[in-house]
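# Analysis of the macromolecular model
Residue-level listing of the chains:
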Amino acid sequence: MTHTMAVAQQKGGDGKTASVVHFGFDFFERGNRVAVVDLDTQGNASHSLKHFASGYVASSMFSAGADKLSAHFADLPEGPLLRLIAADKDLADMEELSFDEAAECFKSNIEALGKAGFNIILIDNAPSLGTTLAASLYAADSVISPIKPEYYSIMGIKKMLTVIANVRKINTKLKFLGMVPSMVDMRNPSHVQNLAELQEAYPKLMIPLTIGLRSSIADALADQMPVWQIKKTSARKAAQEIRALAAYAIDKMENK
């Protein structure tokens, strides 16, 4: 069985890419065969995972048939894998496609990744509500939304929830795993207040975990390694929080 999880949030800077990259490392270390598809033209996930680049690019997920992808991944080794399908310069042009065209092509390529032997597919989406995001939700089994407890992030999540609800009408298997508070500074009174308001407004949609605002996470992404490999005391708490979120996500995948 293959599980495809999208990580999506309309607002940028909410820890979306950090979640995708660390999910990729964690799931790989658990013995899974993981493909990460970077649909964000900024390419941050592609930078952090460049040592796992597959040579296949994200725009091809929308512009090429599944036969091309199947041929590219035909000779994968056995055992745990982590492979990146990197963002590329042509990815922005994919927003010009119609939803139907983009969604069907992307879904067929996601299915081809599963047939190639990947059992977990992670999708890092751009901070927008465009065609590629909608296509990724159409092809996904689940979606998770990191959210920073700040005003614009909270406003953005309302639109994100509407998009997810609309896509679920045509992709009935899509499960919303929830919102995870990310980049939380518990010393900031507005973060504390906004977090409490989020939990009150969306009690059934909030993941019962928190990712703190920790410089070690950014350091790890820049150094192209998971935060649990950073040799600093300050990274230990970040590693505990991210490992807990990864365990939560994979448990929900397995018990969907």
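Description of the structure in this document. (Residues numbered from 1 in each chain as written. Predicted model: local features only at pLDDT ≥ 70, side-chain atom pairs only at ≥ 80, totals over all residues. Heavy atoms only, no water.)

### Some details on the layout of surface pockets
Volume-wise, the largest pocket comes out at about 460 Å³. In this structure, the largest pocket is lined by 27 residues; those nearest its centre are Gly 15, Lys 16, Ala 18, Met 183 and Leu 221. Mapped by element, the contributors of at least two residues to the lining of the largest pocket are α1 (16-29), α2 (44-48), α9 (215-222) and α10 (234-254). The residue makeup of the lining of the largest pocket, split by class, is 12 nonpolar, 11 polar and four charged. Computed from the structure, the second largest pocket encloses a volume of approximately 170 Å³. Lining of the second largest pocket is provided by 10 residues; of these, Met 1, His 3, Asn 119, Met 253 and Glu 254 occupy positions nearest its centre. (1 Å grid on protein atoms, 1.4 Å probe; cavity = no way out; pocket = protein on both sides within 12 Å on 5 of 7 lines; lining within 4 Å. Points joined across faces, edges and corners; volume = space filled by probe spheres on them. Helix = DSSP H or I, 4+ residues; strand = E, 2+ residues; numbered from the N terminus. Nonpolar A, V, L, I, M, F, W, Y, C, P; charged D, E, K, R; others polar.)

### Considerations on unusual backbone geometry
Of note in the backbone geometry, Met 183 takes a positive phi value of approximately 55 degrees without being a glycine. Tracing the backbone shows Met 183 in the loop between β7 (175-181) and α8 (189-201). A relative accessible area of 23% means that Met 183 is categorised as partly exposed. Non-glycine residue Gln 224 carries a positive phi angle of around 60 degrees. Its place among the elements puts Gln 224 in the loop between α9 and α10. (Buried < 20%, exposed > 50% of the residue type's maximum accessible area, 1.4 Å probe, protein only.)

That's the geometry; what it means functionally is another story.
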